[in-house]
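A look at the structure
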Amino acid sequence: MPRRSYDQYCAVARALDAVGERWSLLIVRELLRGPQRYTDLHADLPGVSTDILATRLRQLESEGLVERHRLERPANAVAYRLTPRGQALRHVVDALAAWGLDALGEPRPTDAVRTHWFTGRGPAGRAVAVADEAAPAPER
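Residues numbered from 1 in each chain as written. Predicted model: local features only at pLDDT ≥ 70, side-chain atom pairs only at ≥ 80, totals over all residues. Heavy atoms only, no water.

On to the layout of surface pockets, then. Size it by volume and the second largest pocket reaches roughly 310 Å³. Lining the second largest pocket are 15 residues, with Ala15, Ala18, Val19, Leu89 and Val92 sitting closest to its centre. Those elements giving two or more residues to the lining of the second largest pocket turn out to be α1 (11–19) and α6 (90–104). In terms of residue count, α1 provides more of the lining of the second largest pocket than any other element does, six residues in total. (1 Å grid on protein atoms, 1.4 Å probe; cavity = no way out; pocket = protein on both sides within 12 Å on 5 of 7 lines; lining within 4 Å. Points joined across faces, edges and corners; volume = space filled by probe spheres on them. Helix = DSSP H or I, 4+ residues; strand = E, 2+ residues; numbered from the N terminus.)

Structure follows, in C-alpha cells:
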C-alpha cells in the first residue's frame, strides 16, 4: 500500500508526511532517550501492534529519521536510533508535550504510564511529559 501524502508544497504538510502517521512521534519520543531494541520499543509503546511498529520504523528509516545499528557484544542485537535529522525533532516533541499538558488531567484507569514519560515540571509543579535522555529506566 503506498504511503499517503498531503501533496501540498508546504513545510508543515511535508513534515506531517514524514511523522504524521499514528505512533510515529511516540516512537521518536522513545528514541530520543537513546538507541532502543525493537522489543524495548514495543514494551514502552503499550497498544501498538508489532506490525504497526515495524511499519512505522521502516517509514521513519525511509525518511532518514531512524537508522538500525548492531549493538556491541555481548548484546549482539539490532537497535534503532535517531539520525541527526531525527534528533532535531526533540524540540517538536517537547513543544507538543508542553501544549498537551493542559489536556493531561489525571490518569484514567485504562491509561498506560511510564516514569520516563514524565521528566519535567510544568505549572503548579505538575509533571510534564517530555523526552529526556537521562530519564530513569522504564518499568517492565
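There is a patch of nonpolar side chains on the surface, built from Tyr6, Val12 and Leu16 and spanning about 300 Å² of accessible area. Here leucine 16 shows up in helix α1. (Patch = residues over 30% accessible without salt bridge, like charges linked within 9 Å, V, L, I, M, F, W, Y side chains within 5 Å. Areas by Shrake-Rupley, 256 points an atom, 1.4 Å probe, with all protein chains shown as cover. Salt bridge = Lys/Arg side-chain N within 4 Å of Asp/Glu carboxyl O.)

Here we take up the confidence of the model for the protein chain. Averaged over all residues, the pLDDT of the protein chain equals 86, while 83% of them reach at least 70. For residues 133–140, every residue scores under 50 in pLDDT, and the model assigns this stretch 21 contacts once sequence neighbours within four places are set aside. (pLDDT = per-residue confidence, 0-100. Contact = heavy atoms within 4.5 Å.)

So, on to the packing of helix α2 (residues 24–31) against helix α4 (residues 50–62). Direction vectors running N to C along α2 and α4 enclose 75°, while the axes themselves pass 10 Å from each other. With respect to each other, α2 and α4 are oriented roughly perpendicular. Listed contacts from α4 to Ser24, Ile27 and Val28 of α2 are Leu53, Arg56, Leu57 and Leu60. The residue inventory of the contact of α2 with α4, partitioned by class, reads five nonpolar, one polar and one charged. (Axes fitted to C-alpha atoms, helices over the stretch in contact; angles between N-to-C directions. Parallel < 35°, antiparallel > 145°, perpendicular 65-115°, else oblique. Nonpolar A, V, L, I, M, F, W, Y, C, P; charged D, E, K, R; others polar.)

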